[in-house]
Amino acid sequence: MSSEIDAAAKPTRKVLQGAEAQARILAAVDELFYREGARAVSVDEVVKRAGVNKMSVYRQFESKDDLLLHYLARRDEKFWDYFNASLSKHPDKPREQLLQFFIDLAGRAAQPGYRGCPFVNIAVEFPDPAHPARRMVAENKTRLMRRLLELTTQAGAQDAQALANGLALLIEGAYAASQTYEPGHPLLAALPQVAEAMLMAADIPSA
């Protein structure tokens, strides 16, 4: 009798297939890997958070590393959505576009639950530069540097590469500071002012 009660009380997980299973699993991975770290999260935790059977995970993904690469691909897409949303606020005005990115970054960094850059976090977790995840991290950062250089060149910076390098360092510093300073610290709110000073120092006057 007791075994029947135990069986009835034990939660069951759905064996889902196709797009529904993948969507639920990737949503769980997106939340858990970002909040707790990819190495710290087990497949069992993903299964529990997604509300699916473990078989559903392995029907969709070959391994935990496969989940990690999908996670990074989704995070890359989300980052460029943020980046392009900032630029879209000031069409054909590269100086204003650069500044807007830092305004928006300061806003995101002040949000509860912000855990910095997912690519930086993964780079810390996986020290081997040859790991596929690290290659995806490098690709994201390489593309970011390329986009920054395009914008600093279009804005007419005296030394476009030096300014792009400096802005990239400012971005990475903001990611780190968001995790080492207490929430709401005024340091992160100063991001737009620092970016503005760098633009002025590069002989890019305000509009």
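The paragraphs below set out a description of the structure included in this document. Not measured: the values here are computed from a predicted model.

Conventions adopted
Each chain carries its own residue numbering, running from 1 in the written order of its sequence. Per-residue local features are limited, in this predicted model, to residues with pLDDT of at least 70; the limit for side-chain atom pairs, both in listing and counting, is 80 or more; totals at the level of whole chains, interfaces and linings are taken over all residues. Where side-chain values are given, they derive from all heavy atoms of the structure, hydrogens and water being excluded. Stacked, tilted and edge-to-face pairs are distinguished by plane angle, under 30 degrees for stacked and over 60 for edge-to-face with tilted covering the rest, among Phe, Tyr and Trp rings (Trp via its six-membered ring) whose centres lie within 6.5 Å. Strands are runs of DSSP state E lasting at least 2 residues, helices are runs of H or I lasting at least 4, and numbering of each runs from the N terminus. Remark: exposure states derive from per-residue accessible area (1.4 Å probe, protein chains only) relative to the maximum for the residue type, with buried under 20%, exposed over 50%, and partly exposed in between. Two limits define a charge over a ring: the Lys NZ or Arg CZ must be within 6 Å of the ring centre, and within 35 degrees of the ring normal. Salt bridge, as applied in this entry: a Lys or Arg side-chain nitrogen positioned within 4 Å of an Asp or Glu carboxyl oxygen. The charged-residue count follows a simple rule in which Lys and Arg add positive charge and Asp and Glu add negative charge, with His and chain termini not counted at all. Side-chain atoms alone can form a polar contact between residues adjacent in sequence; in general such a contact is a pair of N or O atoms within 3.5 Å, and within protein one must be able to donate a hydrogen while the other accepts it. Whether two residues touch is decided by their heavy atoms; if any such pair falls within 4.5 Å, the residues are in contact.

1. A closer look at the packing of aromatic side chains
In step 1: Applying the stated criterion across every chain, the model contains seven aromatic pairs.
In step 2: Between Trp80 and Phe83 the ring centres are 5.1 Å apart and the planes differ by 70°, which places this aromatic pair in the edge-to-face class. Of this pair, Trp80 and Phe83 both sit in helix α5 (residues 64–88), three residues apart, which is roughly one turn of the helix.
In step 3: Taking the centre distance of 5.6 Å and the plane angle of 85° together, the rings of Phe101 and Phe102 count as edge-to-face.
In step 4: Among the residues examined, Phe102 registers a relative accessible area of 1% and is labelled buried.
In step 5: Here the aromatic residues Phe79, Trp80, Phe83, Phe101 and Phe102 are joined through ring pairs into a cluster of three or more.
In step 6: Lying across the ring of Tyr82, Arg108 places its NZ or CZ 4.3 Å from the centre.
In step 7: Cation over ring: Arg143 sits above Trp80, and NZ or CZ is 4.2 Å from the ring centre.

2. Notes on the pattern of salt bridges
In step 1: One pass over the full model with this rule turns up eleven salt bridges.
In step 2: In this structure, Lys54 engages Asp44 in a salt bridge whose closest nitrogen and oxygen atoms are separated by 2.6 Å. Of this pair, Lys54 sits in helix α4 (residues 54–60) while Asp44 is found in helix α3 (residues 43–50), placing the two residues ten residues apart along the sequence.
In step 3: Its relative accessible area of 35% is what places Lys54 among the partly exposed residues.
In step 4: Given a relative accessible area of 45%, Asp44 falls into the partly exposed group.
In step 5: Salt bridges sharing common partners tie together Glu31, Arg35, Glu36 and Arg49.

3. A look at the side chain of Glu125
In step 1: Mapped onto the elements of the fold, Glu125 is located in helix α7 (residues 118–125).
In step 2: No salt bridge is formed by the buried Glu125; the nearest opposite charge belongs to Arg39, separated by 5.2 Å.
In step 3: Side-chain polar atoms of Glu125 contact the backbone nitrogen of Ala38, separated by 2.9 Å.
In step 4: Residues within four places of Glu125 in sequence aside, it is in contact with Gly37, Ala38, Arg39 and Ala40.

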